[in-house]
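# An overview of the molecular structure
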Amino acid sequence: MDKRTLVTVAVALLVGLHGVAGTAMADPSATVSRAAIADSGGSVTETLTYEFTADANETVTVSGQMSDNGVTFAFVSWQGGGQSGSSSSWEVRAGTTYEVTYEATVPESAGDASASTAGFGSVAQEELSINVVEPEFDFISDQQTDLVFESGSQTTTELDVDISNTGAGAMLPSDVSFSGVPDGFSADYSGLPSEISGGSSGTVTLEVTAQDSVSEGTYTFEATVEDNLGNTESFA
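Overview of the structure.

The rules behind these values
Residues numbered from 1 in each chain as written. Predicted model: local features only at pLDDT ≥ 70, side-chain atom pairs only at ≥ 80, totals over all residues. Heavy atoms only, no water. Salt bridge = Lys/Arg side-chain N within 4 Å of Asp/Glu carboxyl O. Helix = DSSP H or I, 4+ residues; strand = E, 2+ residues; numbered from the N terminus. Buried < 20%, exposed > 50% of the residue type's maximum accessible area, 1.4 Å probe, protein only. Phe/Tyr/Trp six-rings, centres within 6.5 Å; stacked < 30°, edge-to-face > 60°. Pairing = 2+ DSSP bridges. Axes fitted to C-alpha atoms, helices over the stretch in contact; angles between N-to-C directions. Core = buried A, V, L, I, M, F, W, Y, C linked by side-chain atoms within 4.5 Å. Contact = heavy atoms within 4.5 Å.

Looking now at the pattern of salt bridges. Pairs can form between side chains of opposite charge whenever their charged atoms are close. Tallied over the entire structure, the rule returns 1 salt bridge. Arg 34 is the partner of Glu 134 in a salt bridge, and the nearest nitrogen-oxygen pair spans 2.4 Å. A residue pair is termed long-range when its members are at least 10 positions apart, and Glu 134 in the loop between strand 11 (127-133) and strand 12 (143-148) and Arg 34 in helix 1 (residues 34-39) qualify at 100 residues.

A positive phi is found at Asn 69, a non-glycine position, where the angle reads about 55°. Relative to the helices and strands, Asn 69 resides in the loop between strand 5 (65-68) and strand 6 (71-80). A residue is classified by how much of its surface remains accessible, and Asn 69, at 46% relative accessible area, is partly exposed.

Right, let's get into the packing of aromatic side chains. The way to describe two aromatic rings as a pair is by their centre distance and the angle between their planes. Under the criterion given, the structure shown has 8 aromatic pairs. Connected via pairs of aromatic rings, a cluster forms that spans Phe 52, Phe 75, Trp 78, Trp 90, Tyr 98 and Tyr 102.

Strands sit in the order 13-16-15 across an open sheet of 3 strands; the sheet is antiparallel. The open sheet has two free edges, formed respectively by strand 13 (154-164) and strand 15 (185-190), since each of these has just one partner strand. Ignoring which end each strand starts from, the neighbouring axes of this sheet average 25° apart.

The next thing to look at is the sheet that holds strand 2 (residues 29-33). In spatial order, the strands read 2-11-10; together these 3 strands make up an open sheet with mixed pairing. The open sheet has two free edges, formed respectively by strand 2 and strand 10 (113-116), since each of these has just one partner strand. Sheet twist, expressed as the mean angle between neighbouring strand axes with direction ignored, is 10°.

To continue, consider the nonpolar core. Within the largest apolar cluster, 29 residues are counted, with the highest numbers of intra-cluster contacts made by Phe 52, Val 71, Phe 73, Trp 90, Tyr 102, Val 106 and Ile 130. For this core, the secondary-structure elements that each account for two or more residues are strand 2, strand 3 (43-53), strand 6, strand 8 (89-92), strand 9 (97-107), strand 10 and strand 11. Those residues within four positions of Phe 52 in sequence are excluded, and the remaining contacts are Val 60, Trp 90, Val 92, Thr 96, Thr 97, Tyr 98, Val 100, Val 123 and Ala 124. Within the second largest apolar cluster, 11 residues are counted, among which are Leu 159, Val 161, Val 176 and Val 225.

This next bit is on the side chain of Thr 101. Assignment of secondary structure puts Thr 101 in strand 9. Every residue in contact with Thr 101, bar those within four places of it in the chain, is listed here: Thr 47, Leu 48, Thr 49, Phe 75, Val 76 and Ser 77.

Given below as structure tokens:
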């Protein structure tokens, strides 16, 4: 084989990426990422907190537990006026501000959910909500690189591939695999991002090696990038 034989490799990418979210504190709503839920063992708990000011001396009661779309909202505690408690029914004093805390348990299968804390005492009522977000990958065009043999029995080249997340949820890439790699070639990767935030992008480096037994020509194979949810998408 000529020592300067040109070998062109086209890589069709198969990419499937999903997604991470944070906890909204001191707020009756929270946004969570399905990828983060999966990464946490299949369920996460978000703390939802709201305040109200009593307009009369009375007993207020809020719902102890509610469920919607797979999400469970459970009353935790109240505090205000130098007092606190874990009962969902308590005495309030006019003009005093109270903070109420719930916990929302969100399994991986859950979707957007909301629930009212409606009970006795209208000022103590609030709408709690959970928003479950997903990532969305942008189009990835076909990739191509050239390998030129200068000396030695093999040559290696690297190809940086950008992966854009146009979704609201973060992606958690977990692996890159290859299929259809021709004889005389090997493929590997490095630098796979552990997380790609919503609206951001990351780069993975493909490493393609060819033996000097490979004839001049164009070769193709596929790479599959997989996220922690096991989702994939093909690009050709």
